[in-house]
Amino acid sequence: MTNVILTWFDEPTTAFRFGLDRSIPLRDVGAIQKDILPLFRSTPGLNFVFAGAKFEIEDRSAILAVVDALERAGHTVENKGDIPPEIEAPAPKF
């Protein structure tokens, strides 16, 4: 299981950068990134901005979609920075 670090920014639009746990050997980083990037590309409402090397959220529903997709793919998600309220809010109890 890989620890994926999402660093959130609350700029004019909500955005994040992703990184991997430093304990991952460099030889494995490329393969893990090849696994993660398609998850981001297939998330509606999410755009990569080359100028800032970050993903911008156009639709706030994409915030939880990103985290859920990473967790379903077997990654542990660590959120840092200006964490969106969608992530900080406790899950509803039924």
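Here the structure is shown first, and the text comes after it.
Below or above, wherever it landed, is the structure these notes cover. Everything quoted here is computed from the prediction, not taken from an experiment. (Residues numbered from 1 in each chain as written. Predicted model: local features only at pLDDT ≥ 70, side-chain atom pairs only at ≥ 80, totals over all residues. Heavy atoms only, no water.)

**Quick look at the pairing of strand E2 (residues 14-20)**
Here comes step 1: Sheet analysis places strand E1 (residues 3-10) next to E2, joined by seven bridges and oriented antiparallel. By the bridge assignment, leucine 6 is partnered in E2 with phenylalanine 18.
Here comes step 2: The turn joining E1 and E2, which pair antiparallel and follow one another in sequence, is formed by three residues.
Here comes step 3: Two strands pair when backbone bridges link them, and E2 and strand E4 (residues 54-57) are joined in this way by two bridges, in the antiparallel orientation. The partner of phenylalanine 16 across the bridge, within E4, is phenylalanine 55. (Pairing = 2+ DSSP bridges. Helix = DSSP H or I, 4+ residues; strand = E, 2+ residues; numbered from the N terminus.)

**Quick word on the nonpolar core**
Here comes step 1: Within the largest apolar cluster, 19 residues are counted, with the highest numbers of intra-cluster contacts made by Leu6, Phe16, Phe40 and Leu70.
Here comes step 2: At the level of elements, E1, E2, helix H1 (26-41), E4 and helix H2 (61-72) are the ones that each hand at least two residues to this core.
Here comes step 3: When residues of this core are assigned to their parent elements, the largest contribution, five residues, is made by H2.
Here comes step 4: Beyond its immediate chain neighbours, meaning those up to four positions away, phenylalanine 16 contacts Leu6, Thr7, Trp8, Phe9, Phe40, Leu46, Lys54, Phe55, Ile57 and Val66. (Core = buried A, V, L, I, M, F, W, Y, C linked by side-chain atoms within 4.5 Å. Buried < 20%, exposed > 50% of the residue type's maximum accessible area, 1.4 Å probe, protein only. Contact = heavy atoms within 4.5 Å.)

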